[in-house]
Amino acid sequence: QVQLVESGGGLVQAGGSLRLSCAASGRTFSDYVMSWFRQAPGKEREFVVAISRSGGNTGYVDSVKGRFTISRDDVKNSVSLQMNSLKPEDTGVYYCAARATRDSEIFYRWSSHYDYWGQGTQVTVSS
């Protein structure tokens, strides 16, 4: 098993930046595909971004391309999400998720593919 703890959320004005972090403990971090999902009030949880085990492949939802950047540090057992040019529609609870896989280049966009989840961190972007 792996335990995930997110941090870095907060309140920011539109156009501002935040950096989210997800610290992992438990099994070998480099065995896991990592991702970020978010859930806005009254809406379903949606995929934001994922990164493969190697870090060489990433996938972003169209609405955040060019503004968000995911990165992983297998020494520190963490994954980060740098969010720039934030918009009010980015508001929501952001969740870190993990899934173990043998393929070092694959990543997943569906929440059902992930086995482990953090508790979430709130991001609020004011207009």
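What this report covers is the structure whose coordinates are included nearby. Residue numbers restart at each chain and count upward from 1, following the sequence in its written direction. Under the rules for a predicted model, residues below a pLDDT of 70 receive no local features and side-chain atom pairs below 80 are neither given nor counted, while totals for whole chains, interfaces and linings still include all residues. Heavy atoms from the whole structure form the basis of all side-chain values; hydrogens and water molecules are not counted.

1. As for the overall build of the chain
Next, step 1: Runs of H or I in DSSP of at least four residues are treated as helices and runs of E of at least two as strands, each being numbered from the N terminus. When its secondary structure is counted, the chain shows 0 helices and 11 strands.
Next, step 2: Element order for the chain, N to C, with α for helix and β for strand: β-β-β-β-β-β-β-β-β-β-β.
Next, step 3: As a reference, a globule follows 2.2 Å times the number of residues to the power 0.38, and the radius of gyration itself is taken over C-alpha atoms. Relative to the 2.2 N^0.38 estimate, which gives 14 Å for 127 residues, the radius of gyration of the chain is 14 Å and therefore close to what a compact globule would have.
Next, step 4: By its C-alpha atoms, the chain is 45 × 25 × 25 Å across when sized along the principal axes.
Next, step 5: Relative to its 127 residues, the chain shows a buried fraction of 43%.
Next, step 6: The contact definition used throughout considers only heavy atoms, calling two residues in contact when any of these lie within 4.5 Å. Expressed as a percentage of contacts within the chain between residues at least 6 apart in sequence, the contacts between residues at least 24 apart total 62%.
Next, step 7: Carbon and sulfur atoms make up 46% of the accessible area of the chain, which totals about 6,400 Å².
Next, step 8: One finds the centroid of the 14 positive side-chain charges in the chain at a distance of 1 Å from the centroid of its 12 negative side-chain charges. Burial here depends on accessible area, computed with a 1.4 Å probe over protein chains only, as a share of the maximum for the residue type. Under 20% is buried, over 50% is exposed, and the range in between is partly exposed. Note on areas: Shrake-Rupley with a 1.4 Å probe; residue coverage comes only from the protein chains shown. The convention is simple: Lys and Arg are positive, Asp and Glu are negative, and His and the chain ends are not counted. Think of each charge as sitting on NZ of Lys, CZ of Arg, CG of Asp or CD of Glu.

2. Structural notes on the packing of aromatic side chains
Next, step 1: The rule is short: rings of Phe, Tyr and Trp, with Trp giving its six-membered ring, pair when the centres are within 6.5 Å, and they are stacked under 30 degrees, edge-to-face over 60, tilted in between. Scanning the model with the defined rule gives 6 aromatic pairs in all.
Next, step 2: Taking 6.3 Å as the distance between ring centres and 70° as the angle between the ring planes, the aromatic pair formed by Y114 and W117 counts as edge-to-face.
Next, step 3: Following the ring pairs from residue to residue traces out a cluster consisting of F37, F47, Y108, Y114 and W117.
Next, step 4: Charge-over-ring contacts are defined here by two conditions on Lys NZ or Arg CZ: a distance within 6 Å of the ring centre and an angle within 35 degrees of the ring normal. It is R45 that lies over the ring of Y95; its NZ or CZ is 3.8 Å from the centre.
Next, step 5: Geometry around Y108 places R99 over its ring, the cationic atom sitting 4.5 Å from the centre.

3. Quick notes on unusual backbone geometry
Next, step 1: Residues other than glycine seldom take positive phi values, yet N77 does so here, at roughly 55°.
Next, step 2: Assignment of secondary structure puts N77 in the loop between β7 (68-73) and β8 (78-83).
Next, step 3: Judged by its relative accessible area of 27%, N77 falls in the partly exposed class.
Next, step 4: In this structure, S85 takes a positive phi of about 50° despite not being glycine.
Next, step 5: The residue S85 is located in the loop between β8 and β9 (92-100) in this model.

4. Considering the pattern of salt bridges
Next, step 1: Here, a salt bridge means any Lys or Arg side-chain nitrogen found within 4 Å of an Asp or Glu carboxyl oxygen. Throughout the structure, instances matching the rule amount to 5 salt bridges.
Next, step 2: Between R38 and E46 there is a salt bridge whose closest N-O contact spans 2.6 Å.
Next, step 3: The exposure class assigned to R38 is buried, which follows from its relative accessible area of 5%.
Next, step 4: On the basis of relative accessible area, E46 is assigned to the partly exposed category, the value being 33%.
Next, step 5: Through salt bridges with shared partners, one network takes in R38, E46, R67 and D90.

5. Quick word on the nonpolar core
Next, step 1: Residues enter a nonpolar core if they are buried and are Ala, Val, Leu, Ile, Met, Phe, Trp, Tyr or Cys, with the set joined through side-chain atoms within 4.5 Å. Of all hydrophobic cores here, the largest spans 35 residues; its most connected members are M34, W36, F68, V79, L81, M83 and Y94.
Next, step 2: Those elements that provide at least two residues to this core are β1 (2-7), β3 (18-26), β4 (32-39), β5 (46-51), β7, β8, β9 and β11 (121-126).

6. Quick look at the pairing of β3
Next, step 1: Where β1 and β3 come together, 6 bridges link them in antiparallel fashion. Bridge pairing links E6 to C22 in β3.
Next, step 2: Pairing geometry for β3 and β8, over 6 bridges, is antiparallel. Bridge pairing in β8 places L18 opposite M83. At least two DSSP bridges between two strands are required for those strands to pair.

7. A short note on the state of the cysteines
Next, step 1: Disulfide: a pair of cysteine sulfur atoms within 2.5 Å of each other. Using the criterion set out here, one finds 1 disulfide in the structure.
Next, step 2: Here C22 is linked by a disulfide to C96, with a sulfur-sulfur distance of 2.1 Å. Looking down the S-S bond of the C22 and C96 bridge, the torsion is -80°, so its handedness is left-handed. Taken together, the residues C22 in strand β3 and C96 in strand β9 connect sequence positions 74 residues apart.

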